[in-house]
Amino acid sequence: MRTIYKSVLSVSAAAIVAVATLAPVIVNAWGDSSNGRKSYTISQINKGELGDTITFNSISDGKIGDEKNFVGAKVASSKADTWAANSINVKDGETYTIRLYVHNNNPQGTKKIAEGVKATFSIPTTVAKSQTIIGYLDSSNATPNRYWDEVTLSASENVYLEYVDGSAKYTNAKMGTVKLPNEVITSGATLGYDKLDGKIPGCYEYDGVVTIDVKVHSSVAAKVSKQVRIKGTKTWSESVEAKVGDEVEYQIEYVNLLSEEVKNVMIRDVLPTNVEYVKDSTYLYNSNYQAGVLLKDNTVTTSGINIGDYKAKGNAYVRFTGKVVDKSMTCGANQLVNWASATVSGSTIKNAVYKDDASVLVNKNDESCKDKPTPTPTPTPTPTPTPTPTPETPTTIVNTGAGSVVTGAIGAGSVVTTLGYFISSRKKLVK
C-alpha cells in the first residue's frame, strides 16, 4: 500500500479556523500512556516513518487538523461539521454532542490491524461553572496503548452534565452509524471496522467517530439515588463485586426538592442483560409504609411503578432483587450497569426524568474460559464510590401528608430526610 494518505490541509483549514474562534487553546489537554507521543505529518507517514508500529491520532495535518485534539464538542442541533476542540460556551437546557475521533495511522491497512480498540468518556459528576469531559481511546497492540484528550464546557453559572441515555454512536465508512452501549461512559465501548470486535485496520478508509450527547442543567427539582448490595449484607454502595448466581438488592431513593407537591411519581429501573428481576421482590418504603409494602405487579423493570404524590421535601425508597446470570458475559471483567429513573409532574415541572446508576462487577473465569487469555480491564475514569450505610427500614422524620395515588391501590405518603437538601453528585436530569 503506497502513498495512502493525501494532503487534507485544504479540507481541514476552514474547520480549524472555526474551532479557533470558538475557544481558547488549553495547554496539555491531550496525553497518552507513553507520556507524549511523537507527531507525524502525512508526508512522513507516506515515507514509512511509522514502520510496523500501530499508533492512533498522531498526524498533525490530518482530516481534523492536529489529531491529538481528537475530542471536541458542538451544539447537538447544529448541522455543521465544525467542532470546538478545546472549549465551548454552553447554556442551560441545551444539548451538546461530544466527538471522539478514531484513526489508526499506520498506512499498511489490513496488514496492521489494531486490536482491543475501545472508547470511554469520563463525564464530571459535580456542579461547577466549568465541566471538562475526557475521552479515552485504548488499543491492546498500539503504541501507546492509551490516548486521551479533553474538551471543556464553560457556563456563566454552576451547571451539571447529564449523559443522554442511549445517545452513544459509532460512525465509519463500512458500518455507517451504529449504536454503542451506555458503558461508553463507564467501562468503555468496543469499536471496530466491519463489526464491533475491537479490530481497526490502518489508514483513512478505516477511521471513525464516536459521539455521545450531554445535556446542560443549572437547576434541580428532585434527587434520585441508586445503590446496590449483595443480598443478605448490610452495606449499600454504588457498585459491588458478585458472581454468577448471586442475588443482589437494589435501592432507589426519590426526594422531591421543590417547594411544591409533585404528582404521580413513576419509578423505573432498566436492568442490564446479565441481571434478571426476581419476581415479587419489589418493596416501597415511605411515611405510610415505614416497614415496607410488597408491590405485586412486578413492573419496576418494565413499565415502572407509580409511587404517588409527594409534597415539598418528601421522599420514598423502592427496593427489589435481581439475580446475576450469564447470558452474554465475556471472560474476564464484566461491569453490569443499570439505571434507575423517576418521572415526575406538577404545576411547574412536567414529565421531567431524573436518573442514577449502580454497577455489579463480575469476573468470569469458569471452565469456558480455560486456555483463553483473560483481558486486563482498563481502569474506569470514574471515582471509586464510598459505601454508605442505609437503615434497614428507612425512618420517617416528618410526615408532610401527601396524597395517595399509587397504581395497585396502595397509598403513598412523603418523608423528610436530612438528604432532602442534598444534590446527588451522580444525579442526571432530562426535561
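Residues numbered from 1 in each chain as written. Predicted model: local features only at pLDDT ≥ 70, side-chain atom pairs only at ≥ 80, totals over all residues. Heavy atoms only, no water.

Focus: the environment of V151
And step 1. Here V151 is to be found in strand β7 (residues 146-163).
And step 2. For the pair V151 and I134, spaced 17 residues apart in sequence, the C-alpha separation works out to 6.7 Å. (Helix = DSSP H or I, 4+ residues; strand = E, 2+ residues; numbered from the N terminus.)

Some points on unusual backbone geometry
And step 1. With an omega dihedral of 0 degrees, the bond running from T143 to P144 counts as a cis peptide bond.
And step 2. Structurally, the position occupied by P144 is in the loop between β6 (128-138) and β7.
And step 3. The phi torsion at N264 lies on the positive side, around 50 degrees, for a residue other than glycine.
And step 4. With respect to the element layout, N264 can be found in strand β16 (residues 262-270).

Quick notes on the nonpolar core
And step 1. The biggest cluster of nonpolar side chains holds 51 residues, and the ones touching the most others in it are I98, V102, L153, L191 and I212.
And step 2. Every element with two or more residues in this core is listed here: α2 (42-46), β2 (71-75), β4 (95-102), β5 (118-122), β6, β7, β11 (208-217) and β22 (332-346).
And step 3. Per-element tally for this core: the top contributor is β7, with seven residues.
And step 4. Among residues more than four places away in sequence, those in contact with I98 are V71, G72, A73, W83, F121, I133, V151, L153, V210, T211, I212 and V214.
And step 5. Among the nonpolar cores identified, the runner-up in size contains 36 residues, and L284, V300, I307 and V318 belong to it. (Core = buried A, V, L, I, M, F, W, Y, C linked by side-chain atoms within 4.5 Å. Buried < 20%, exposed > 50% of the residue type's maximum accessible area, 1.4 Å probe, protein only. Contact = heavy atoms within 4.5 Å.)

Focus: the state of the cysteines
Should the sulfur atoms of two cysteines be covalently bonded, the bond is a disulfide.
And step 1. Tallied over the entire structure, the rule returns one disulfide.
And step 2. Between C331 and C369 runs a disulfide, and the two sulfur atoms are separated by 2.1 Å. Here C331 and C369 share a disulfide; its torsion about the S-S bond, -95 degrees, makes the bridge left-handed. Of this pair, C331 sits in the loop between β21 (315-324) and β22 while C369 sits in the loop between β23 (352-364) and β24 (388-389), placing them 38 residues apart in sequence.
And step 3. For C331, a relative accessible area of 16% puts it in the buried group. (Disulfide = S-S within 2.5 Å.)

Re the side chain of T301
And step 1. By secondary structure assignment, the location of T301 is in the loop between β19 (293-295) and β20 (305-306).
And step 2. Residue class for T301 comes out buried when judged on its relative accessible area of 18%.
And step 3. Excluding its chain neighbours within four sequence positions, the residues that come into contact with T301 are D269, L271, Y277 and F320.

Let's talk about the packing of aromatic side chains
And step 1. What the rule picks out here adds up to seven aromatic pairs.
And step 2. On the basis of an interplanar angle of 65 degrees and a centroid distance of 5.9 Å, the ring pair of F56 and Y147 is categorised as edge-to-face. Here Y147 lies in strand β7 and F56 lies in the loop between α2 and β2, a separation of 91 residues in the sequence. For the pair shown, F56 and Y147 are each scored as buried.
And step 3. Between Y254 and Y310 the ring centres are 5.8 Å apart and the planes differ by 70 degrees, which places this aromatic pair in the edge-to-face class. One end of the pair, Y254, is in strand β15 (residues 247-256); the other, Y310, is in the loop between β20 and β21, with 56 residues separating them in the sequence.
And step 4. Given a relative accessible area of 1%, Y254 falls into the buried group. (Phe/Tyr/Trp six-rings, centres within 6.5 Å; stacked < 30°, edge-to-face > 60°.)

Take it as geometry only, folks, not as evidence of what the structure does.
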